Every structure is written in structure tokens, then in C-alpha cells.
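This is what each chain is made of:
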Amino acid sequence: MSTDRLPVRKTYKLYLGGAFPRSESGRTYEVHDTKGHFLANAARASRKDARDAVVAARGAFWKWSGATAYNRGQVLYRVAEVMEGRAAQFAEEVAAGEGLSATRARAAVDAAIDRWVWYAGWTDKLAAVLGSSNPVAGPYFGFSTPEPTGVVAVLAPQRSSLLGLVSVLGPVLAGGNTAVVVTSKDRPLPAVTLGEVLATSDVPGGVVNLLTGDAAEIGPWLAEHADVDGIDLAGTTAGGLAMELERSAAGTVKRVLRAAAEEPDWTADPGLTRMTPFLETKSVWHPIGV
Amino acid sequence: MTSPFEYAPAPESRSILDLKPSYGLFVDGEFTDGTGAPMKTLNPATEEVLAEVATGSEADVDRAVRAARRAFTRAWGPMRPADRGKYLFRIARLLQERAREFAVLESLDNGKPIRESRDVDVPLAAAHFFYHAGWADKLEHAGLGPAPRPLGVAGQVIPWNFPLLMLAWKIAPALATGNTVVLKPAETTPLTALLFAEVCQQADLPPGVVNIVTGAGDTGRAVINHPDVDKVAFTGSTAVGQSIARAVAGTHKRLTLELGGKAANIVFDDAPVDQAVEGIVRGIFFNQGHVCCAGSRLLVQESVHDEVVASLQRRIGTLRVGDPLDKNTDLGAINSAEQLERIRELVDVGEAEGAHRWQPDGELPDRGFWFKPTVFTDVSPAHRIARDEVFGPVLSVLTFRTPDEAVAKANNTTYGLSAGVWSEKGSRILAITDQLRAGVVWANTFNEFDPTSPFGGYKQSGYGREGGRQGLAAYLKGAEQ
């Protein structure tokens, strides 16, 4: 290949309702690598984009949550397959955005893909692990099953742009929720590429919506939105913004996954801790012998 | 009431009670005076003053939290889990031994029929302690992580509709998982919690493990806002729950909320009408409708609407409203003048908005707080009586034509605590049950409770579960759910 070929650069846009629109606001912001070099203009999502994303996520909820757990698992596994094929591109974006060596960036991408596979395998085990048969003291058949909370707003981690993102998005999807994600503000590019992976992996449009931009700007609208059922504050560190968002979420009794004091090591085994906050338990009773 | 069934009065005796003229707070294993202005608790059926009860001030709450912290650090935390379990077994047995006393006191202070306090509230409260007692030394097998640990001091605030039962729902899991508690009973129903304090003494429960601080909203706020409380558990209205979630935001405190509801009770055209009518009555008139999971929105398939409503009205005509201590009473007194006012206000709005009100004939007692069982027909989903929680014996009847419409209407609420489905077709029940956004679904039954069955809401009915293996997670660190 000729070395003087001029590369075709990508326009980084939002991923919303299964499409790749620009922000309705027309705004963009410059994304730089850790050395300050220009990488791209990312779309700067607005309040209106966030609202549109909630509508898309709500619209996709019954289809996604109503799919069989096996089907959801296969779709999520398909995402990992397509990620694997894009690993080099992800590694390049992670290296530039996070200032990692090529080797360490590749390791982060591998960990992200493996994390996604891990969550893909959870979809059809949650009911057995978290549900129960309830031996009530009477002639009733009783059981409890986990069900998704609904539409979950995810403020993705600011530093770990792909592994962190996958670590907060995977658990929300595995449980059957749909998501509105605000990406890392300064490192949004791997998220947009993940959107392209999702769009080509049989994930129904609207199940995941990725908004590049500032969590401090969009987060408050999502925290108070009446059609958002839960919010993961991972992208804020505990303190002013996190507290403000938790207070705001109280007005609609949202499930809130609090932020840690500082961004955690995303390579650690997450257990069930990021899935259970966005799962409800439904208990069902029926008489026996009547 | 003019009823086809005439009964001679059959009142349960009050003589089993040794009611004191005044009660203090229960802190660090002893009854002590409160420093707030004492309040009076009434018998809502007669408006007679039952006793004077202390009001816990901020300083009293602080004393209680310190006692709970000491007990957590020195006694309850280090104790062998099996021994914690034995204390809870003792409490369960003591509740059973003194069951009649508790039932009579509950009916006096709350206004609920003795039939319910005797057959539901008190036995279920004992069952909750018995169930959780067994968990105390088995937590590492609960699937909640390999080494679940207690959180510390739990601050718990409970409502007036099931005073002893809600106490049991709060205290039993907290203690079984190794926490200590400061509990604030409702302002209008403090007496069974104070009798429960005597049970703690009889059980030789170490001082400070359970502290009971009576009072009103200010006392509750002091419990929730105390910096040394690690866990807040609240059952009550959604409005108060929202303010608690705001207060807890940004702190280390863990929170569970069990809030309001506006449950749909869906009756399909293939349901056996007589059974469904019994379930509708149980769904809305149990405990005078003072039930967060009450089936307050009846959704009837259009083709059987007239038949169901006629049968329901006939059945309601046989319900006996009156003396809570009478063993034949079906509906007792409304718990307070304030609650009665709220019910009246919403019922007036229901009529003003154009729904049709129906109540059975009959007289209500002259004194006390009473409201007749009430059915609204011609209700539209936009009416306030179809949206707001009335928390009284008031049923709103709506109709639907298709299963999809039933689901859409049932889910058309900000609440999501419970729901009911009546049909003879199993596959239909399971399909509808799947689509209802509610934490408990009763199919061909309603208002059943059990300590083994997790209870709690979706959406603005709150979060966290009480009961079952799932309910333990609310009180454990390192718990994975």
C-alpha cells in the first residue's frame, strides 16, 4: 500500500435509537489525546438528545426485556465477536485517549471483550441465582424472579474509556434493561466505535443509546427524568455532582448506584454488584387445590 | 347495619391488657422518659385516650443510637450467630405466648378488627421472627457472597397500618443479620411496639440491641439524619420516602423504601365471579383499605362488569362495620381523624370529577373515625381516585376489553407495588403476570403475605425487598444483591 495515501477519517457521532445522528444542538467539542493532539470533533449531546435517547430506550424496553434470556445472551455474545474483529481499532483509540502503550491498550481491550462475554453468559443464570421458590405457610404456589428495572441512565467512567464503559453497560443489559449512556467526556471515541459494534450485532435499536458529552451537563436531566428508572453514577466521583444527582433522583424514587470515592480498578471481578441494583424482584402467588 | 345476618355482639375482652397511663421510650434495655412533649394515643373507634406516650427528641434519638452502636460493637456484633438466632426464636415464642394481648392492644390502638389482628398481624409477626431466627447462623449459605457482614446500626421508621407486623418486618431481618436497631413507630400507633419492648426484656435481649423511640415526624427525621446510622429502612408514603432519599443522598447510609401503591386487580371474563368478588373485597377492604398494596383499582373486563359490580355490592352489603374488638366485625375504624379527612376529601373529588359513588345502607357509630366501604363506578384513568392512593376502603372500578388494554391500564401508574389477576386460564395468568410492573402479583388470590416471600415495589413504590432470602441483602455488607 502506498504510504502517501491520505486516510479517510471518521466522523464521530451519537448512537441513538439505532442510528448515528449528530447532536440536535449542532454542537461538537474537540477531543485530544493525552499529549494534546487533536483527534476528532465529537458530538456534544444536549438535553434534547438525552430526552430523545430516553424515548428510544423506553421504546426498546419490552422487546429487549421480553426476549428469551438465551436470545439476549446470544445477542450480547455476538457483540463480543464483533468487538474482537475491531480490536485493533479499539486499541488505537484507547491508546490515544488514555495515553497507554500499544500493549497495555490491547490488554484493556481484551479485558473489555472478556468482560462482555462474561456478562453475555449471565442472562440465563440470573433467575436461578437470584430467584426463589417460596415455601409459604399455606396452600399457595409462590415464586420470585428477577426482572429488569427498566430504562437505566449510565454515566460511564471518565478514565477507563472502554473497559470501564463495558463494565457498567454490560451488567445493565444482561439484566434486560435498556440504557442511556453518557460517555467519558474527554475520552469518548471508543464509545462511539462500540456504538458501531452494537449497531451491527443484532442489538435492537434503542436498547443502547450513547451520548458523547459532559455528564455534568446531561446528568441532571437524566437524574430527574420521570421515565428513567435507575441511574449509575460511575462517571462522577463521590462528592458534589454525585450528591446533587442522587438528590435529584430521589424525586422519582430512582434506583441509584453510587459512585466510588475514586474510579475503581475495572479489571477486578465485579461479582453481581453492578447487576443487582438494576433488577427488581417479582413475587407471584397462586392458590393450590382451590 | 341492616344486614341479612344478625349477630349478637361478640366483643373480645380488654381485661387481658394491663394498659399503663403513660409509656416512656425504650433505650438501652430500659424504659426512660423522653425529653420531648408527651403525646396522647387514641382509640380511633371511640376517641378515648388510651395512654400518654413519650416523644423522643434529637437528644433521645442520639442516646438510642449510641446505645445501639455500643450493643453492636460489644454484644450483638461479636455474638455467636447461633446465639443471635436463639434470641430471635425466643422473641417469636414470646409473641405467640402473648398473642392475644398483642392482638387486643393492636385493635385498640389502630382500630383494625380483632379478627385481623388475631389471625393475621400477630401470627405473621411471630412468623417473621421465627423465619429470620433460622437465618442468623446460615448467612454464608444464602448466596449473598462468601462472607456477608452486618452494616451496623439500622434506623427504621414504620407506619400505622400494621404497627406490630411492620416492626417485625424491620427488626427481624436486621437482627438476624447482626445489626442493631433504633425503631420509630408511627405517632398514632406506638403501643404494640412498646409492648414488644417488654418482650425484648423477657427474652433477655442484650440492652441496646433494640431501641424504640416514639414520636412524630421530627423524631423520625432525627433517626434518619443521625450521622452514626448506617442503614435507613422506611415504610410509608411516597412523598416522605422521596424526602428521605434526598436526606440520605451523599451519605454512606444504605436505604430501602417501601412506599405507596395503587394496585390494579384485573378480573377477566372467565374468572369465577364469586371467588373474584371475595378477592376484590379482601383486596380493598382488608384493614379498612389502609394497605399500601391494596387492590384499589378494579379492572373488570367489560362483558362481565355489570355482573361483577352487582355481585360485589351484594357482598359488601353483608360486611359488618363497627367495634374493632367484636369478633364479627369486618371493617373497623379509620386510624385517625387526619386519615379520615383525607379519605373524605378524595371521595369528594371522585364525585366532583364525575365518577358514580356507591355505599351500602346502614349506620356508623356516633363516636370515633369511620368510613363506609365505598365503590366508585364510571371511573376514568384520569380521575384522581384512579391515580392517587386513598389508603381507605374506597374502590375505583374501571373496565377493559382486551388483555393488552388491561396491562396498559394496570401499568399506567407511577406506583408498582402489587397487582391481582383473576382468570381460570393458566397461560393467560402467566402472560399477564409477566407484563405487570409490580413487585407482588397475586393470581386468583389477594393480600397474602409470608416471611418466605420477598415483598417490595417497582417504580415509585420503593426499592429493596423485605422477606425471603432476597430481603437479607438490605442489611448486609458484601452482599451481592
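Residues numbered from 1 in each chain as written. Chains lettered and ligands numbered in written order. Predicted model: local features only at pLDDT ≥ 70, side-chain atom pairs only at ≥ 80, totals over all residues.

Comments concerning the overall build of chain A
Scanning chain A from N- to C-terminus turns up nine helices and ten strands. Its C-alpha radius of gyration of 20 Å places chain A within 12% of the 19 Å reference for a compact globule of 290 residues. With the C-alpha coordinates aligned to their principal axes, the bounding extent of chain A is approximately 80 × 40 × 35 Å. Looking at chain A as a whole, 54% of its 290 residues qualify as buried. Considering only intrachain contacts with a sequence separation of at least 6, the fraction spanning at least 24 residues in chain A is 74%. (Helix = DSSP H or I, 4+ residues; strand = E, 2+ residues; numbered from the N terminus. Rg over C-alpha atoms; globule rule 2.2 N^0.38 Å. Buried ≥ 20, exposed ≤ 12 C-beta atoms within 10 Å, placed from the backbone. Contact = placed C-beta atoms within 7 Å.)

Describing the overall build of chain B
When its secondary structure is counted, chain B shows 15 helices and 20 strands. For 481 residues, the compact-globule estimate of 2.2 N^0.38 gives 23 Å, and the C-alpha radius of gyration of chain B, at 22 Å, lies within 12% of that figure. Its C-alpha atoms put chain B at 65 × 50 × 35 Å along the principal axes. Pairs at least 24 residues apart make up 72% of the contacts formed inside chain B by residues separated by at least 6 positions.

Let's talk about the sheet that holds strand 6 (residues 178–182) of chain A
Residues and elements named next belong to chain A. Spatially, the five strands line up as an open sheet ordered 7-6-5-8-9, and their pairing is parallel. With partners counted over all chains shown, the strands left at the sheet margins are strand 7 (208–211) and strand 9 (255–257), one partner each. On average, adjacent strands in this sheet sit at an angle of 15 degrees to one another, irrespective of strand direction. When strand 8 (residues 230–232) meets strand 9, the two strands line up parallel, connected through three bridges. Directly across from Asp-232, in strand 9, lies its bridge partner Leu-257. Taken strand by strand, helix 1 (residues 47–66) contacts strand 5 (151–155), strand 6 and strand 7, and its axis lies near 155 degrees from that of strand 6. (Pairing = 2+ DSSP bridges. Axes fitted to C-alpha atoms, helices over the stretch in contact; angles between N-to-C directions.)

Quick look at the interface of chain B and chain A
Taken together, the 37 residues of chain B in the interface contact 31 residues of chain A. Listing elements by their share of the side of chain B that touches chain A, those giving two or more residues are helix 8 (238–248), strand 18 (440–443), strand 19 (462–463) and helix 15 (468–472) of chain B. Counting residues per element, the side of chain B that touches chain A draws most heavily on helix 8 of chain B, which supplies five residues. Here the side of chain B that touches chain A is built from residues that sort into 13 nonpolar, 17 polar and seven charged. In the sheet, strand 10 (residues 279–287) of chain A pairs with strand 18 of chain B via three bridges, with the strands oriented parallel. Its bridge partner being in strand 18 of chain B, Trp-285 of chain A is matched across the sheet by Trp-442 of chain B. (Nonpolar A, V, L, I, M, F, W, Y, C, P; charged D, E, K, R; others polar.)

Focus: the confidence of the model for chain B
Residues at a pLDDT of 70 or more form 98% of chain B, whose mean pLDDT is 96. Scored as a whole, the predicted complex attains pTM 0.96, and scored at its interfaces, ipTM 0.96. (pLDDT = per-residue confidence, 0-100.)

Examining helix 8 of chain B
All of the buried residues in helix 8 of chain B are Thr-238, Val-240, Gly-241, Ile-244, Ala-245 and Val-248 of chain B. With its buried residues spanning 155 degrees around the axis, helix 8 of chain B presents them on a single face. Buried positions along helix 8 of chain B lie against helix 9 (240–250) of chain A together with helix 7 (217–225), strand 10 (231–235), strand 11 (254–258) and strand 19 of chain B. Looking one or two places after helix 8 of chain B, you find Gly-250 of chain B, whose phi comes out positive at around 80 degrees. (Arc of directions from axis to C-beta.)

Some words on the pairing of strand 10 of chain A
All names here are of chain A. Across the nine residues of strand 10, eight count as buried, placing the element largely inside the fold. Bridge count between strand 4 (residues 140–148) and strand 10: nine bridges; the pairing is antiparallel. Bridging across to strand 10, Gly-142 finds its partner in Trp-285.

Quick look at the environment of Ser-101 of chain A
Residues and elements named next belong to chain A. Assignment of secondary structure puts Ser-101 in the loop between helix 3 (87–98) and helix 4 (102–120). Taking the C-beta count within 10 Å as the criterion, Ser-101 has 9 such neighbours and is therefore assigned exposed. For Ser-101 and Val-253, which are 152 residues apart along the polypeptide, the C-alpha to C-alpha distance reads 43 Å.

Considerations on the domain arrangement of chain B
Residues and elements named next belong to chain B. Splitting chain B by domain gives domain 1 (22–259 + 459–477) and domain 2 (264–443). Each of domain 1 and domain 2 has a C-alpha centre, and these two points are 30 Å apart. The interface of domain 1 with domain 2 comprises 20 residues on the first partner and 26 residues on the second. Residue assignment for the side of domain 1 that touches domain 2 shows that the elements contributing at least two residues are helix 3 (99–110) and helix 4 (114–135). Class assignment of the residues belonging to the side of domain 1 that touches domain 2 gives a composition of six nonpolar, eight polar and six charged. (Domains from an automatic or database assignment.)

Focus: unusual backbone geometry
Backbone geometry follows two general trends: most residues other than glycine have a negative phi, and most peptide bonds adopt the trans configuration. With phi around 70 degrees, Asp-202 of chain A is a residue other than glycine that occupies positive phi space. Judged by the 13 C-beta atoms lying within 10 Å of it, Asp-202 of chain A is partly exposed.

Here we look at helix 10 (residues 305–316) of chain B
Residue and element names in this part refer to chain B. If you check helix 10, its first and last C-alpha atoms are 16 Å apart, about what twelve residues at 1.5 Å a residue would give, namely 16 Å. Of all the residues in helix 10, the buried ones are Val-308, Val-309, Leu-312 and Ile-316. For helix 10, the buried positions fall inside an angular range of 95 degrees around the axis, keeping them on one side. Opposite the packed face of helix 10, turned more than 90 degrees from it, sit the exposed residues Asp-306, Ala-310 and Arg-314. Of the surrounding elements, those touching the buried residues of helix 10 are strand 12 (264–267), helix 9 (273–285), strand 13 (297–301), strand 15 (374–377) and strand 16 (394–400). (Expected span 1.5 Å × (residues − 1).)

Topic: the sheet that holds strand 5 (residues 48–55) of chain B
Residues and elements named next belong to chain B. Taken together, three strands build an open sheet; the order of strands is 1-5-4 and the sheet is mixed. Taken across any chain shown, the strands that pair with only one partner, and hence form the sheet edges, are strand 1 (22–23) and strand 4 (36–43). One ladder, built from six bridges, connects strand 4 with strand 5; its direction is antiparallel. Looking across to strand 5, one finds that Met-39 is bridged to Val-53.

A few points about the environment of Ala-57 of chain A
Residues and elements named next belong to chain A. Within the secondary structure, Ala-57 is located in helix 1. For Ala-57, a count of 28 C-beta atoms within 10 Å corresponds to the buried category. C-alpha of Ala-57 to C-alpha of Ala-179: the two residues are 122 residues apart in sequence and 6.2 Å apart in space. For Ala-57, the contacting residues outside a window of four places in its chain are Val-151, Thr-178, Ala-179, Val-180, Gly-206 and Asn-209.

A few points about the pairing of strand 5 of chain A
Residues and elements named next belong to chain A. Most of strand 5 sits inside the fold, with five of its five residues counted as buried. In strand 5, alternate side chains face the same way, and those of Val-151, Ala-153 and Leu-155 on one face and Val-152 and Val-154 on the other are all buried. As paired strands, strand 5 and strand 6 are joined by five bridges and run parallel to one another. Bridge pairing links Leu-155 to Val-182 in strand 6. Each parallel crossover has a hand, and for strand 5 linked through helix 6 (residues 163–174) to strand 6 it is right-handed. Here three bridges tie strand 5 to strand 8, and the two strands are oriented parallel to one another. Paired with Ala-153 across the strands is Ile-231, a residue of strand 8. (Right-handed = clockwise from strand over helix to strand, strands pointing away.)

A word on the environment of Gly-322 of chain B
Mapped onto the elements, Gly-322 of chain B comes out in the loop between helix 10 and helix 11 (337–352). Considering only alpha carbons, one finds Gly-322 of chain B and Gly-332 of chain B, ten residues apart in sequence, at a separation of 5.4 Å.

Some details on the packing of helix 3 of chain A against helix 4 of chain A
All names here are of chain A. Across the interface, helix 3 lies against helix 4 with an axial gap of 8 Å and an inter-helix angle of 120 degrees. Taken together, helix 3 and helix 4 sit at an angle that is classed as oblique. The two elements helix 3 and helix 4 meet at a crossing, and its hand is right-handed. Counting all contacts with helix 3, which are made through Ala-87, Phe-90, Ala-91, Val-94, Ala-95 and Glu-98, the residues of helix 4 involved are Ala-102, Ala-105, Arg-106, Ala-108 and Val-109. Here the residues of the contact of helix 3 with helix 4 sort into nine nonpolar, no polar and two charged. (Parallel < 35°, antiparallel > 145°, perpendicular 65-115°, else oblique. Left-handed = near helix turned anticlockwise from the far one by under 90°.)

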